[in-house]
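Summary of the model geometry
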Amino acid sequence: KVSMLVYTLLFSIATIMLSLCGYTGSWYLVISTVSCLYWIRLAIVGFYTIDDKMWARKMFVASIIIITILSLMMSIDFSRA
């Protein structure tokens, strides 16, 4: 669970840095911030859950959805600079 939280935090920093460095636009920043905050919250909730299998399934589904959304947003809202 600790490693999931650490990797989620690192992934979140990397995705937000794309906008801060000028590679993506402001819509990507908004969507990535909201989705990464949800993902981090889900990782923290895992420390207090009783059913680890259900938490792991939620983390897996969330990761698939979030990475797909971020990939789509990256292709739509890129910076042309």
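Residues numbered from 1 in each chain as written. Predicted model: local features only at pLDDT ≥ 70, side-chain atom pairs only at ≥ 80, totals over all residues. Heavy atoms only, no water.

We now examine the overall build of the protein. When you go through the protein residue by residue, the secondary structure sums to 3 helices and 0 strands. Put simply, the protein runs from its N terminus to its C terminus through helices and strands in the order α-α-α. Counting only C-alpha atoms and orienting by the principal axes, one finds that the protein spans roughly 50 × 20 × 15 Å. By residue count, 30% of the 81 residues in the protein fall in the buried class. The contacts in the protein between residues at least 6 apart in sequence include a share of 69% that link residues at least 24 apart. (Helix = DSSP H or I, 4+ residues; strand = E, 2+ residues; numbered from the N terminus. Buried < 20%, exposed > 50% of the residue type's maximum accessible area, 1.4 Å probe, protein only. Contact = heavy atoms within 4.5 Å.)

Let us look at helix 2 (residues 26-45). The end-to-end C-alpha distance of helix 2 is 29 Å, a good match for the 28 Å that 20 residues give at a rise of 1.5 Å each. Those residues of helix 2 lying buried are Tyr-28, Ser-32, Ser-35, Cys-36, Trp-39, Ile-40, Leu-42 and Ala-43. Each buried residue of helix 2 sits inside an arc of 155° when the element is viewed along its axis, so together they form one side. Facing away from the buried surface of helix 2 by more than 90 degrees, the exposed residues are Ser-26, Trp-27, Val-34 and Leu-37. The inward-facing, buried residues of helix 2 abut helix 1 (2-20) and helix 3 (52-76). (Expected span 1.5 Å × (residues − 1). Arc of directions from axis to C-beta.)

In this section: the packing of helix 1 against helix 2. Two elements in contact, helix 1 and helix 2, have axes whose closest approach is 10 Å; the angle formed by their N-to-C orientations is 175°. The angle between helix 1 and helix 2 places the two elements in the roughly antiparallel class. For the pair formed by helix 1 and helix 2, the contact residues are Leu-5, Thr-8, Leu-9, Phe-11, Ser-12, Thr-15, Ile-16, Leu-18 and Ser-19 on the first element and Tyr-28, Leu-29, Ser-32, Thr-33, Cys-36, Trp-39, Ile-40, Ala-43 and Ile-44 on the second. A class-by-class count of the residues in the contact of helix 1 with helix 2 yields 12 nonpolar, 6 polar and no charged. (Axes fitted to C-alpha atoms, helices over the stretch in contact; angles between N-to-C directions. Parallel < 35°, antiparallel > 145°, perpendicular 65-115°, else oblique. Nonpolar A, V, L, I, M, F, W, Y, C, P; charged D, E, K, R; others polar.)

Bringing the packing of helix 2 against helix 3 into the picture now. For the pair helix 2 and helix 3, interaxial distance at closest approach is 10 Å and the crossing angle is 170°. By the angle between their axes, helix 2 is roughly antiparallel relative to helix 3. The segment helix 2 lies against helix 3, with Trp-27, Tyr-28, Ile-31, Ser-32, Ser-35, Tyr-38, Trp-39, Leu-42, Ala-43 and Val-45 engaging Trp-55, Lys-58, Met-59, Ala-62, Ser-63, Ile-66, Ile-67, Ile-69, Leu-70, Met-73 and Met-74. When its residues are assigned to classes, the contact of helix 2 with helix 3 shows 17 nonpolar, 3 polar and 1 charged.

Relative to the helices and strands, Ile-65 resides in helix 3. As a C-alpha pair, Ile-65 and Ser-35 span 30 residues in sequence and 9.5 Å in three-dimensional space.

Such coordinate-based values are descriptive only and should not be taken to indicate function.
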